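# Understanding the architecture of this molecule
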Amino acid sequence: MPPSVPTRPNPTPPSKPAAAAFAQRLTWAELDPAYLRQLITLAREEDLAGAGLARAVTPGDVTTSALVGEAPARADFTARVPLTVCGLPLLPLIFESFGSNCSVTTAPGLHDGQIVAKGTVLATVTGPAATLLKAERTALNFFQKLTGVATQTTRYVAALGASNTRLLDTRKTTPGF
């Protein structure tokens, strides 16, 4: 006689209140600014000093240093496609890390998590032209990564629709990023 196989009752999906108990949304106020500055410094050093390379490189942005001065300049962060905004509070920290008087102004009423149309100006940065150019790659890398994850997450949430399935984790972290 074959051994009997125990049966388990069908698990019931968690109710919406149970799923809500697992959901946690972090705010920028909950993140350690000193840690964020460390990540920004690593990214800046990788971009401008070749950090991580086995060979020596000429530090800095030689093209900007040779061709662009410290004249006042302005740059807009503009959505090239419809997207979900994420990372706006990080922009001032990034430009601050490049050591010059830069000012970051977020579009009025715009906040992380908001869906915007193509062509929307998300933020404007003013400051010395050379500083804006040196900082732009670091700023774009962070902003594009965070906004890309948020935009894809918005698509997943829309695909889940009114089902009982809830998206609980988006993991915007990348080791060494």
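Each value, and the rule that gives it
- Residues numbered from 1 in each chain as written.
- Predicted model: local features only at pLDDT ≥ 70, side-chain atom pairs only at ≥ 80, totals over all residues.
- Heavy atoms only, no water.
- Pairing = 2+ DSSP bridges.
- Helix = DSSP H or I, 4+ residues; strand = E, 2+ residues; numbered from the N terminus.
- Axes fitted to C-alpha atoms, helices over the stretch in contact; angles between N-to-C directions.
- Contact = heavy atoms within 4.5 Å.
- Salt bridge = Lys/Arg side-chain N within 4 Å of Asp/Glu carboxyl O.
- Buried < 20%, exposed > 50% of the residue type's maximum accessible area, 1.4 Å probe, protein only.
- Expected span 1.5 Å × (residues − 1).
- Arc of directions from axis to C-beta.
- Polar contact = N/O pair within 3.5 Å; in protein donor to acceptor, adjacent residues only side chain to side chain.
- Phe/Tyr/Trp six-rings, centres within 6.5 Å; stacked < 30°, edge-to-face > 60°.
- Lys NZ or Arg CZ within 6 Å of the ring centre and 35° of its normal.

Another aspect to go through is the sheet that holds strand β1 (residues 72–78). Pairing in this open sheet of three strands is antiparallel, and the strands run β1-β5-β3 from one edge to the other. Two strands lie at the open edges of the sheet, namely β1 and β3 (103–106), each paired on one side alone. When strand polarity is set aside, the average angle formed by the axes of neighbouring strands in this sheet is 15°. Relative to strand β5 (residues 121–128), β3 is paired through four bridges, and the arrangement is antiparallel. Within β5, the position partnered with V104 by the bridge is V125. The strands touched by helix α5 (residues 129–160) are β1 and β5; relative to β5, the strand with the most contacts, the crossing angle is about 150°.

The next thing to look at is the pattern of salt bridges. Scanning the model with the defined rule gives three salt bridges in all. Among the ionic pairs, E45 bridges to R44, the shortest N-O distance being 3.1 Å. In this structure R44 comes out as buried when scored by relative accessible area, which is 18%. Here R74 makes a salt bridge to D76, at a shortest N to O gap of 3.2 Å. Overall, D76 belongs to the partly exposed group, its relative accessible area being 36%.

Owing to its 3.6 residues per turn, the α-helix brings residues three or four apart onto one side. In this model helix α2 (residues 33–49) runs 23 Å from its N-terminal to its C-terminal C-alpha over 17 residues, within 8% of the 24 Å that 1.5 Å per residue would give. Among the residues of α2, those classed as buried are L36, L39, I40, A43, R44 and L48. Along the long axis of α2, the arc covered by the buried residues comes to 150°, so they all point the same way. Facing away from the buried surface of α2 by more than 90 degrees, the exposed residues are L42 and E46. Contacts from the buried residues of α2 go to α4 (90–96) and α5. Put simply, D32 is the residue that caps the front of α2, since its side-chain oxygen is 3.0 Å from the backbone nitrogen of A34.

Okay, the packing of aromatic side chains next. With the rule as written, the count across this model stands at two aromatic pairs. Ring centres 6.4 Å apart and planes at 85° place the aromatic pair F77 and F95 in the edge-to-face group. Placement of the pair is F77 in strand β1 and F95 in helix α4, with a sequence separation of 18 residues. Assessed through its relative accessible area of 9%, F77 is described here as buried. Ring centres of F77 and F143 lie 5.8 Å apart, and the angle between their planes is 80°; this geometry places the pair in the edge-to-face category. In this pair, F77 sits in strand β1 while F143 sits in helix α5, placing the two residues 66 residues apart along the sequence. Judged on exposure class, the residue F77 and its partner F143 are both buried. Chaining the aromatic ring pairs together yields one cluster made of F77, F95 and F143. A cation over an aromatic ring shows up here: R44 above the ring of F98, its NZ or CZ 6.0 Å from the ring centre.

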